[in-house]
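Spelled out from the first residue to the last, the chains are:
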Amino acid sequence: MTISTETTLLIDPTRDPEKKAVIDRIIDENAHLPGAVMVILNELQANIGFVSEPLQQYVADRLRVPVSKVHGVISFYSFFTTTPRGKHVVKFCMGTACYVGGTPQLIEKAKAVLGIAPGETTPDGNITLEECRCVGACSQAPVMVIDEEVIGRVKPNKLPQSLKPLMEDSGTEN
Amino acid sequence: MKYYRSHVLVCVDPECLRKGAHDVVDALQDELVATGLIDEVQVLETSRIGACADGPEMMVYPEGIHYAGMTVDDIPYLVEEHFLKGRVAKKFQLTQKAEAVSELGAPTAKEVRVVLRNSGKIDPENIEDYIAEDGYSALAKVLTSMTPEEVIEEVLASGLRGRGGAGFPTAKKWSFCRASEATPKYVLCNADEGDPGAFMNRQVLESDPHAVIEGMTIAAYAIGSSQGYIYCRAEYPIAVRTLRIAIQQARNFGLLGKNIMGTDFSFDLEVRMGAGAFVCGEETALMASIEGKRGEPTPRPPFPAVKGLFGKPSNVNNVETYAVVPQIINKGAAWYASMGTEKSKGTKTFALAGDLKHTGLIEVPFGITLREIIYDIGGGIKNDKAFKAVQTGGPMGGCLPAEYLDLPMDYEALAKAGSIMGSGGLVVMSEDSCMVDIARFFMEFTQDESCGKCVPCRVGTRRILDILERICAGEGRDGDIETLQQLCNEIRTTSLCGLGQGAPNPVASTLEHFLDEYKAHIYEKKCPAKVCKALIRYEIIDGPCTGCTVCARNCPVNAISGERRMTHHIDPDICIRCGICMQVCNFNAIEIN
Ligand SMILES: Cc1cc2nc3c(=O)[nH]c(=O)nc-3n(C[C@H](O)[C@H](O)[C@H](O)COP(=O)(O)O)c2cc1C
Ligand code: SF4
Ligand code: FES
């Protein structure tokens with residue numbers, strides 16, 4: 001049964017007191033700004049990791065705007081996710097320079113190493129694989145981003161080495 | 001899986017092989033067996049770990065120690081020291097020379113640094129560094145000795161045009177906004193830099209943020225605004241952080257906020273972040289996004305200068321546009337206008353990327369030719385391949401073939417050639433790039449980024465993409481080319497914003513300049529550049545293959561079989577044509593047919 005409470009907590013982070021404190025702080029600090037919705041959602045995405053439907057409802061209630069407005073914003077921008085991502089996020093740049101420089105091959109290799117396709121998370125919730133837009137490091141193409149770190153000139157045969165520490169880093173706390 | 005406490009990677013590139021890498025591998029294996037460590041230490045052959053200058057080279061993990069220059073005779077010593085005694089064998093250790101991955105090297109003869117003058121020279125997190133380079137002196141000059149009209153006059157005389165893509169005269173935009181009566185007015189900086197292959201704005205924001213802040217403040221004075229926003233894409237977290245630090249420092253110095261430099265002019269700035277939508281680089285969408293809404297473009301007129309952010313008069317300029325303003329004020333319009341061509345004045349930054357020897361950021365005067373940029377600055381094509389095309393202007397731009405190499409970089413000249421200046425991304429492609437595939441790639445991008453508001457943009461790009469995908473898959477049909485041309489025209493003329501209007505450009509320009517390549521795909525079912533997976537096949541050539549097993553170990557789907565030191569074989573039914581084997585093979589033993 002513990003699992004189901006955990007899942008609800010994940011889906012509705014406002015039910016986790018620690019997370020709720022973070023959420024409230026973000027809303028309190030930014031609610032007065034013009035165009036606050038975007039600012040708050042960006043902060044929530046960065047600090048909570050996702051903006052699920054219950055969280056969208058909570059933001060809408062606190063800002064006194066219709067939830068449809070919040071949902072409309074969430075669905076428009078690709079950065080917002082409604083479900084939690086893995087503990088680590090591995091992104092491959094699909095910008096022009098990287099595409100020409102071999103990102104497609106890297107993705108094939110990453111798929112084989114991780115056993116998941118872009119957009120998916122490993123079953124243990126450890127690693128999410130994604131494709132992303134140009135990260136502005138084009139002269140080092142092809143580029144991948146592990147969590148926040150940009151790694152340039154990635155070679156397929158070196159890829160497993162870069163992914164290994166992440167794969168071994170499963171389970172333990174954040 | 002077997003657990004090893006150490007992994008030794010030995011480079012087996014041709015250079016290291018010549019220096020005896022295989023013998024070293026064998027000696028290492030033997031020594032590990034002799035010392036009983038063979039179950040704890042794994043030896044792997046790999047490619048290039050260093051410069052191969054001191055070969056044979058090896059890397060020992062998990063410590064990440066780089067050894068080089070040992071011979072077979074040194075192996076027992078090495079194994080004893082490193083693996084038995086657990087000490088680094090200093091004698092062979094290669095001290096790490098951090099590989100200089102700088103995007104901005106020293107300027108070459110053809111470059112002129114105006115926007116990038118401080119890049120890499122000053123500490124972006126220290127306002128005093130900027131001030132020491134005459135920073136904020138232009139703002140002082142403006143606030144103490146110029147009227148707003150005189151500022152606009154000066155910028156007009158410099159010939160400065162917007163660097164965000166369209167090249168609209170900056171002074172004109174400012175005077176429109178100044179003329180609007182409603183208040184408050186907003187000064188907005190477009191730092192959304194969404195064009196893949198472009199990173200000029202990022203460099204400026206991260207290395208010289210005060211230039212942008214000073215430029216925006218001068219614009220605010222000229223227009224009569226007291227609040228500004230910098231809209232930065234979410235993909236640039238470092239730029240956002242740097243800007244926020246810079247803004248706070250400027251406030252502390254009384255250069256932002258109330259009564260700047262003791263005058264009655266007040267102006268403050270805030271950074272807002274995008275959230276991964278390319279269309280938000282379009283100015284009306286950008287404003288909607290700052291307002292906290294979906295970033296959907298709206299029809300113009302009304303122009304932002306009349307009715308912009310929160311319904312108030314607003315001025316949108318690109319990062320680079322603002323960043324040059326202080327220097328125009330300091331050094332004078334005549335100085336700036338002395339660089340460039342008749343209609344495109346000054347300098348422009350470009351992000352060189354793709355198959356070039358030297359990629360990175362450059363700044364050159366307008367009027368320089370593509371040839372000078374690609375060969376004199378970029379060093380020519382990597383691996384001495386042939387030049388095929390240069391893509392300018394990002395996803396709304398076009399691909400230009402070799403005939404256009406002597407084209408001067410100038411807004412009008414590029415437009416005439418069927419491409420655009422755009423924000424300054426230049427992706428150079430060699431003979432190894434397939435132009436149909438590139439067109440498909442861009443269409444995939446625009447189709448994904450279309451906000452969906454207009455039917456021609458939403459549905460039309462999807463239809464073009466479907467056709468291109470079919471062509472690349474070897475299922476092109478007679479009539480496809482004509483349908484593509486027709487769709488391009490329709491989308492271009494009936495879309496609301498620049499995204500839809502420009503989306504057909506990559507297709508239209510490749511159709512114009514590389515029609516034969518389309519025909520080869522459609523009628524001969526061939527991909528001349530050997531890129532389109534459905535039309536190619538990887539094979540291992542008997543002679544050069546040494547059976548080193550590198551390819552088999554790297555193939556993601558295990559399509560390669562063969563005994564060690566015997567010619568390997570690729571099973572075409574399993575092969576997914578990812579090309580990894582070809583990249584890792586050190587003996588050029590893999591070919592595409
Ligand atoms: C789809 C689309 C994307 C754009 N992206 C950018 C961008 O990333 N940065 C930018 O400065 N301008 C971009 N623009 C151009 C802006 O709409 C606007 O013209 C520009 O910011 C004006 O600044 P400037 O006069 O200094 O060039 C884009 C336009 C379109 C249609
Ligand atoms: S042209 Fe495309 S991106 Fe622009 S408003 Fe229309 S649908 Fe949206
Ligand atoms: S295209 Fe990959 S970083 Fe720009």
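Rules of the game
Residues numbered from 1 in each chain as written. Chains lettered and ligands numbered in written order. Predicted model: local features only at pLDDT ≥ 70, side-chain atom pairs only at ≥ 80, totals over all residues. Heavy atoms only, no water. Helix = DSSP H or I, 4+ residues; strand = E, 2+ residues; numbered from the N terminus. Buried < 20%, exposed > 50% of the residue type's maximum accessible area, 1.4 Å probe, protein only. Contact = heavy atoms within 4.5 Å. Near = heavy atom within 4 Å. Polar contact = N/O pair within 3.5 Å; in protein donor to acceptor, adjacent residues only side chain to side chain. Areas by Shrake-Rupley, 256 points an atom, 1.4 Å probe, with all protein chains shown as cover. Nonpolar A, V, L, I, M, F, W, Y, C, P; charged D, E, K, R; others polar. Expected span 1.5 Å × (residues − 1). Pairing = 2+ DSSP bridges. Axes fitted to C-alpha atoms, helices over the stretch in contact; angles between N-to-C directions. Core = buried A, V, L, I, M, F, W, Y, C linked by side-chain atoms within 4.5 Å. pLDDT = per-residue confidence, 0-100. Buried area = accessible area lost by both parts, 1.4 Å probe. Salt bridge = Lys/Arg side-chain N within 4 Å of Asp/Glu carboxyl O.

**Side note on the overall build of chain B**
Part 1 of the argument: A count of helices and strands for chain B gives 23 helices and 17 strands.
Part 2 of the argument: In terms of principal-axis extent, the alpha carbons of chain B reach across some 85 × 65 × 45 Å.
Part 3 of the argument: Taking all 593 residues of chain B together, the buried fraction comes to 58%.
Part 4 of the argument: Across chain B, contacts joining residues at least 24 apart in sequence account for 69% of those joining residues at least 6 apart.

**Thoughts on the site of ligand 1**
Residue and element names in this part refer to chain B.
Part 1 of the argument: Neighbouring ligand 1 are 18 residues, the closest being Gly164, Lys173, Asn190, Asn318 and Thr321.
Part 2 of the argument: Asparagine 190 is positioned with one of its side-chain polar atoms (N or O) 2.9 Å from an oxygen atom of ligand 1.
Part 3 of the argument: Between an oxygen atom of ligand 1 and a main-chain N or O atom of glutamate 283, the distance comes to 3.0 Å.
Part 4 of the argument: Here ligand 1 has 610 Å² of accessible area as a free molecule, and 90% of this is covered by the chains.
Part 5 of the argument: Sorting the residues of the shell around ligand 1 by element identifies β8 (314-318) and α19 (498-502) as the ones contributing at least two each.
Part 6 of the argument: For the shell around ligand 1, the leading source of residues is β8, giving three residues.
Part 7 of the argument: Taken together, the residues of the shell around ligand 1 sort by class into three nonpolar, nine polar and six charged.

**Points about the site of ligand 2**
Part 1 of the argument: By nearness alone, 13 residues border ligand 2, and Cys451, Lys453, Cys454, Cys457 and Cys497 of chain B come closest of all.
Part 2 of the argument: Here the residues of the shell around ligand 2 are counted per class, giving eight nonpolar, four polar and one charged.

**With respect to the environment of aspartate 432 of chain B**
Residue and element names in this part refer to chain B.
Part 1 of the argument: By the element assignment, aspartate 432 lies in the loop between β13 (425-430) and α16 (435-449).
Part 2 of the argument: Sequence separation between aspartate 432 and tyrosine 221 is 211 residues, and the spatial gap between their C-alpha atoms is 51 Å.
Part 3 of the argument: Sequence-distant contacts of aspartate 432, that is, excluding residues within four places in its chain, are made with Lys385, Ala529 and Val531.
Part 4 of the argument: A distance of 3.1 Å separates the side chain of aspartate 432 from the side chain of lysine 385, its partner in a polar contact.

**As for helix α10 (residues 237-252) of chain B**
Part 1 of the argument: Over its 16 residues, α10 of chain B extends 23 Å from the first C-alpha to the last, a length consistent with the 22 Å expected when each residue adds 1.5 Å.
Part 2 of the argument: Trailing α10 of chain B by a residue or two, glycine 254 of chain B shows a phi angle of about 70 degrees, which is positive.

**Considering the sheet that holds strand β10 (residues 360-365) of chain B**
Residues and elements named next belong to chain B.
Part 1 of the argument: Pairing in this open sheet of five strands is mixed, and the strands run β10-β9-β13-β11-β12 from one edge to the other. On the outer flanks of this sheet lie β10 and β12 (398-401), each paired with one strand and no other. Recorded for the sheet is a direction-independent mean angle of 30 degrees between the axes of neighbouring strands.
Part 2 of the argument: Relative to β12, strand β11 (residues 387-392) runs antiparallel, the two being bridged by four bridges. Bridging across to β12, alanine 389 finds its partner in proline 401.
Part 3 of the argument: Helix-sheet contacts for helix α8 (residues 200-207) involve β9 (347-354), β10 and β13, and the interaxial angle to β9 is about 115 degrees.

**Notes on the nonpolar core**
All names here are of chain B.
Part 1 of the argument: Ranked by size, the top nonpolar core spans 76 residues in total, and within it Val151, Trp174, Val212, Met216 and Phe267 carry the most contacts.
Part 2 of the argument: In terms of residues, this core owes the most to one element, helix α9 (residues 209-223), which gives ten residues.
Part 3 of the argument: If we ignore the near neighbours within four places in the chain, the residues touching methionine 216 are Val187, Leu188, Cys189, Tyr229, Ile230, Phe267, Leu269 and Tyr322.
Part 4 of the argument: With 48 residues, the next largest nonpolar core counts Leu28, Met58, Cys548 and Ile580 among its residues.

**With respect to the confidence of the model for chain B**
A low pLDDT means the predicted coordinates there should not be read in detail.
Residues and elements named next belong to chain B.
Part 1 of the argument: For chain B, the average pLDDT comes to 90, and 95% of its residues sit at 70 or higher.
Part 2 of the argument: Predicted confidence is poor over residues 96-102, with pLDDT under 50, and the contacts of this stretch with residues over four places away or in other chains come to four contacts.
Part 3 of the argument: Scored as a complex, the prediction yields pTM 0.80 and ipTM 0.79.

**Quick look at unusual backbone geometry**
Note: most peptide bonds trans; most residues except glycine with negative phi.
Residues and elements named next belong to chain B.
Part 1 of the argument: The linkage connecting threonine 183 with the following residue, proline 184, adopts the cis geometry, with an omega of -10 degrees.
Part 2 of the argument: Note on placement: proline 184 falls in the loop between α7 (170-179) and β5 (186-191).
Part 3 of the argument: For the peptide bond that leads from proline 301 to proline 302, omega is 5 degrees, which places it in the cis range.
Part 4 of the argument: Tracing the chain through its elements places proline 302 in the loop between α11 (283-290) and β8.
Part 5 of the argument: We note that methionine 261 has phi near 50 degrees; this positive angle belongs to a residue other than glycine.

**What about the environment of alanine 179 of chain B?**
Residue and element names in this part refer to chain B.
Part 1 of the argument: Take alanine 179: it is sitting in helix α7.
Part 2 of the argument: Classification of alanine 179 by relative accessible area gives exposed; the value is 58%.
Part 3 of the argument: Along the primary structure alanine 179 and leucine 484 are separated by 305 residues, whereas in three dimensions their C-alpha atoms are 44 Å apart.

**As for the interface of chain B and chain A**
Part 1 of the argument: Contact residues are listed per partner, giving 69 residues for chain B and 41 residues for chain A.
Part 2 of the argument: Summing the contributions of chain B and of chain A, the shared interface buries around 4200 Å²; its carbon and sulfur component is 55%.
Part 3 of the argument: Taken as a group, Ala275, Arg294 and Phe441 of chain B account for 14% of the area that chain B buries against chain A, more than any other trio of residues on that side.
Part 4 of the argument: Counting the contacts that link chain B with chain A gives three salt bridges.
Part 5 of the argument: Here arginine 133 of chain A ties to glutamate 449 of chain B by a salt bridge, and the two come within 2.6 Å at their closest N and O atoms.
Part 6 of the argument: Joining chain B to chain A, the criterion identifies 17 residue pairs in polar contact (both at pLDDT 80 or more).
Part 7 of the argument: Ranked by residue count, the leading element in the side of chain B that touches chain A is α16 of chain B, at eight residues.

**Some points on the sheet that holds strand β6 (residues 227-232) of chain B**
Residue and element names in this part refer to chain B.
Part 1 of the argument: One open sheet holds the four strands; their spatial order is β7-β6-β5-β8, and the pairing between them is parallel. Whereas interior strands pair on both sides, the edge strands pair on one side only; in this sheet they are β7 (268-273) and β8. Averaged over all pairs of adjacent strands, the angle between strand axes in this sheet comes to 20 degrees, irrespective of strand direction.
Part 2 of the argument: The pairing of β6 with β7 spans six bridges and is classified as parallel. Within β7, the position partnered with cysteine 232 by the bridge is methionine 273.

**Some words on the side chain of histidine 82 of chain B**
Residues and elements named next belong to chain B.
Part 1 of the argument: Following the sequence through the fold, histidine 82 ends up in helix α3 (residues 75-84).
Part 2 of the argument: Owing to a relative accessible area of 4%, histidine 82 belongs among the buried residues under this scheme.
Part 3 of the argument: A distance of 2.6 Å separates the side chain of histidine 82 from the side chain of tyrosine 67, its partner in a polar contact.
Part 4 of the argument: Among all residues touching histidine 82, those that are not within four sequence positions of it are Val60, Glu63, Ile65, Tyr67 and Arg87.

**Quick notes on the pairing of β10 of chain B**
All names here are of chain B.
Part 1 of the argument: Most of β10 sits out of view: five of its six residues are buried.
Part 2 of the argument: Both β9 and β10 contribute to a ladder of six bridges, which runs antiparallel. The residue bridging threonine 347 from the neighbouring strand is proline 365, located in β10.
Part 3 of the argument: Joining the antiparallel neighbours β9 and β10 is a turn of five residues.

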